[in-house]
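# Understanding the architecture of this molecule
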Amino acid sequence: MSAEPASRTVPVDERQFSLILALIATDVGLTKAQILSTVTGYAGRYSVGGDNTALERQFERDKDDLRELGVPLETIDTAGAEGDTKLQRYRVSQADYPLPDDIVFSAEEHALLSLAAQVWREGSLSDDSRRALVKLRSLGGVAGDAVIGYAPTVRTRDAAHEPLTNAISRGRQVEFAYLKPGDAAPLTRRVSPLALVQHEGRWHLHAHDEDRDAPRTFLLQRMLGRVRLLDTPARAPRPDEAEHVMAELRELWQRSTALVRARPGSEAEVMLRNRRGSESEGDALRVRSTDLDVLADELAAFGADVRILEPADLVSAVVARWSAVEAAHG
Amino acid sequence: MAEARKRPLTAADKLTFLITLVPYLIEQVRVSVDEAAAHFDTTPDAIRRAVTLIATSGVPDEQGAVLPGAGMFDIDWDDFEDNDRIKFRQAPLQDQPRLSGREAAALLAGLQTIASLPDFGGRSDIAALMEKLTRGSVVAPAAVAVAATEADETLLTVRHAQAQRQRLRLEYTTTRGVTEEREVDPIRLDTVDGVAYLRAWCLTRDAERTFRLDRMRSVVAVGPADDHADSSSDPAQLIDDLAGQLWVTVRLPKDAVPLIADYLSPTAEFTEKDGTVDVPIALAHEGMIGRLAARMAGVGAIIEPASAVAATTEWARAAIAAQSGD
């Protein structure tokens, strides 16, 4: 018999809650047919011996949603029928579901976590940290919103940010149009996304470029149009991927320098002097950047207030930008 | 968090609340609806609805059969209905849930950002907290990270003055390239993507103003500051020095709009034609025209008004001339 009257529309959160309950209560796991025919939210629309395609699709989406929320969902193959989705059984791992007992937070730690969550102003990281705080609230101690009179904010405005975070956590390849500076048109890149890193105020994607079969780092700002999630599984990031990329970027930043001279008294002069890592060399400034093209963008913005002394590549990159501006407005 | 509360809750938020509420209620043994509402920063009604939903949820048995009302949750209904107290005699899902890889990653990267503030320099407890979060994640936290930046002299001086309620004297260079001396009383300090902004009462202008720390040529504390009301301005609106009264229209491929994202007003109206858009942009002054054009170099252009187009050409020619040393 059905667990619910067919007429009632069960809200998503209620259906997914019932699904978690059903899957954590079972030791041996439930088959898809058992789930769809008995769990609140599916059962009312299940047709015995009929077409349940729509319900099955909903179940697939629910599985993805639960995994996104950190519910450890397991798929168990029936011996001798590996890969047969009709015979596969599902359950929530009772070993992996609970937070380890020794993880408790002091009032001060709760305050730090609340500050950490406030770093994100928008987008998926803000939603994720809000939910994380709710989960940690069940541990009892709750601190009020910490106020230090000094708030760091990290923006995730790039439209690419959310799909890339999703792709990394789901382990899927992505495809996007990328405009390399100097190229006339963007090129489509297909990559395994490995880590998202903000360095010097810009978000970078570190990835394995599948077409070139080599690691590459992309600036999110230069991804044009939509980032598409592919069905193809991505190669797995190494455990310390983010630290690894960060160290690489830092090293690159140390090494890639340029010598520029800014008009005394100009805005360019004060901003370049105050830029992190800048050093005086006579009447010129040694400035650092992880990427010559990014630096060229920044320097080009200062127009006649800057003169680039070296390297020669940077001189031509900046002049190319000015020439392009002149040509487009001539 | 006041910011977050205004947004409507998603299904994911509601589900997270449900699976978190159960272990809390079990741990409390018996708790009033009001107390639970205060704990989760929600309304008593939201708690009552959630408790009713939880208490009437059923679990199919091993054969997949569910009897209506025969859930595994067993609540003291009388206590709930008569006294507004919640007491579960039995409940599955008593365990606190782990964090998802993305949830842990969001807090970890947030902590990294906090740890690089001068206020938190040298605190070892953040590392211990990060280790706990990593262990509390169901899978390895997604690789998201924010590079730490060391606080420079200017930031340390400004932060110290703010904390000690000191007045600051600045030599400040505006986007027009004019350097002025200002006396200001710090109100709030923010960093947005690593760029530090001081919101302060400017005694020179007798008004609240925002100052970018990297435009300060010098900064010194000059005695006690007056008291000022907290600034109500949103950090996101701090970057107001791009906005202004000089209207220009730019034309660029629709896909390239992200390149000029920080020049766009949230209400900007795009005119789209064949994958190309015309966007009106308000600039603070004429000196910003070349800067905007450079941002779109090779992709788009300023198309109106004619005076702005001419100024752009002039700007680019002057830059090329200065570079070649003419």
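Computed from a predicted structure; not experimentally measured.

## Notes on the confidence of the model for chain B
All names here are of chain B. Per-residue pLDDT for chain B has a mean of 85; in total, 89% of the residues score no lower than 70. Confidence drops under a pLDDT of 50 for residues 1-5, and excluding neighbours within four residues, the segment shows ten contacts in the predicted structure. In the predicted complex, the global pTM is 0.83; the interface-specific ipTM is 0.85.

## Structural notes on the environment of Arg30(B)
Residue and element names in this part refer to chain B. Its location among the elements puts Arg30 in the loop between α2 (11-28) and β1 (31-32). The sequence separation of Arg30 and Asp76 amounts to 46 residues, and the corresponding C-alpha distance is 9.8 Å. At 2.6 Å, the side chain of Arg30 and the side chain of Asp79 are in polar contact.

## So, unusual backbone geometry
A cis amide bond links Glu310(A) to the next residue, Pro311(A), at an omega of 0°. Looking at where Pro311(A) falls in the secondary structure, it is placed in the loop between β13 (306-310) and α10 (312-329). A cis amide bond links Glu304(B) to the next residue, Pro305(B), at an omega of -10°. If you trace the backbone, Pro305(B) turns up in the loop between β14 (301-304) and α10 (306-323). Located in the positive-phi region is Asp84(B), a residue other than glycine, with phi close to 60°.

## Details of the packing of aromatic side chains
All names here are of chain A. This structure, assessed with the given rule, holds twelve aromatic pairs over all chains. An angle of 85° between the planes, with centres 5.2 Å apart, marks the rings of Phe176 and Phe218 as edge-to-face. Highlighted residues: Phe176 in strand β5 (residues 172-178) and Phe218 in strand β8 (residues 214-219), separated in sequence by 42 residues. Taken as a pair, Phe176 and Phe218 share a single burial class, namely buried. For the pair Tyr178 and Phe218, a centre-to-centre distance of 4.9 Å together with 80° between the ring planes defines the contact as edge-to-face.

## Quick word on the confidence of the model for chain A
The pLDDT averaged across chain A works out to 87; a share of 93% of its residues lies at or above 70. In the predicted structure, residues 1-6 of chain A sits below a pLDDT of 50 and forms 15 contacts with residues beyond four places in sequence or in another chain.

## Considering helix α4 (residues 107-118) of chain A
Since the α-helix turns once every 3.6 residues, residues separated by three or four places project in the same direction. The first and last C-alpha atoms of α4(A) sit 17 Å apart over twelve residues, in line with the 16 Å expected at 1.5 Å per residue. Burial of α4(A) is extensive: nine of the twelve residues sit out of reach of the surface. What α4(A) keeps buried is the set Glu109(A), His110(A), Ala111(A), Leu112(A), Leu113(A), Ser114(A), Leu115(A), Ala116(A) and Ala117(A). Among the structural elements, α5 (123-137) of chain A together with α6 (101-115) and α7 (125-135) of chain B are those in contact with the buried residues of α4(A).

## Brief notes about the sheet that holds strand β2 (residues 73-76) of chain A
Strand pairing in a sheet is mediated by backbone hydrogen bonds. Such pairs are either parallel or antiparallel. Residues and elements named next belong to chain A. If you trace the three strands from one edge of the open sheet to the other, you get β1-β3-β2, paired in antiparallel fashion. Sheet topology places β1 (30-31) and β2 at the edges, where each strand pairs with a single neighbour. Of the pairings in the sheet, the one linking β1 to strand β3 (residues 89-92) comprises two bridges and is antiparallel in character. Opposite Thr31, over in β3, you have Arg89 as the bridge partner. In the packing of helix α1 (residues 12-25) onto the sheet, the strands contacted are β1, β2 and β3, and the crossing angle to β3 comes to about 100°.

## Looking at the packing of α2(B) against helix α4 (residues 44-55) of chain B
All names here are of chain B. Relative orientation of the contacting elements α2 and α4 amounts to 85°, with a least axis distance of 11 Å. On the basis of the axis angle, α2 is roughly perpendicular to α4. Contacts between α2 and α4 involve Phe17, Leu18, Leu21, Val22 and Leu25 on the former and, on the latter, Ala46, Ile47, Ala50, Val51, Leu53 and Ile54. Within the contact of α2 with α4, the residues separate by chemical class into eleven nonpolar, no polar and no charged.

## Describing the interface of chain B and chain A
The partner chain A presents 118 residues to the 125 residues of chain B that form the contact. Summed over both partners, the interface of chain B with chain A comes to about 10,800 Å²; 63% of that surface belongs to carbon and sulfur atoms. The residue Arg131(A) makes a salt bridge to Asp13(B) at a minimum N-O spacing of 3.0 Å. The interface formed by chain B and chain A holds 35 residue pairs in polar contact (both at pLDDT 80 or more) in total. Broken down by element, the residue count for the side of chain B that touches chain A peaks at twelve residues, all from α2(B). In terms of residue class, the side of chain B that touches chain A is made up of 68 nonpolar, 26 polar and 31 charged. Pairing geometry for strand β4 (residues 150-153) of chain A and strand β7 (residues 179-192) of chain B, over four bridges, is parallel. Residue pairing for β7(B): Tyr150(A) is matched across the bridge by Leu189(B).

Conventions and cut-offs
- Residues numbered from 1 in each chain as written.
- Chains lettered and ligands numbered in written order.
- Predicted model: local features only at pLDDT ≥ 70, side-chain atom pairs only at ≥ 80, totals over all residues.
- Heavy atoms only, no water.
- pLDDT = per-residue confidence, 0-100.
- Contact = heavy atoms within 4.5 Å.
- Helix = DSSP H or I, 4+ residues; strand = E, 2+ residues; numbered from the N terminus.
- Polar contact = N/O pair within 3.5 Å; in protein donor to acceptor, adjacent residues only side chain to side chain.
- Phe/Tyr/Trp six-rings, centres within 6.5 Å; stacked < 30°, edge-to-face > 60°.
- Buried < 20%, exposed > 50% of the residue type's maximum accessible area, 1.4 Å probe, protein only.
- Expected span 1.5 Å × (residues − 1).
- Pairing = 2+ DSSP bridges.
- Axes fitted to C-alpha atoms, helices over the stretch in contact; angles between N-to-C directions.
- Parallel < 35°, antiparallel > 145°, perpendicular 65-115°, else oblique.
- Nonpolar A, V, L, I, M, F, W, Y, C, P; charged D, E, K, R; others polar.
- Buried area = accessible area lost by both parts, 1.4 Å probe.
- Salt bridge = Lys/Arg side-chain N within 4 Å of Asp/Glu carboxyl O.

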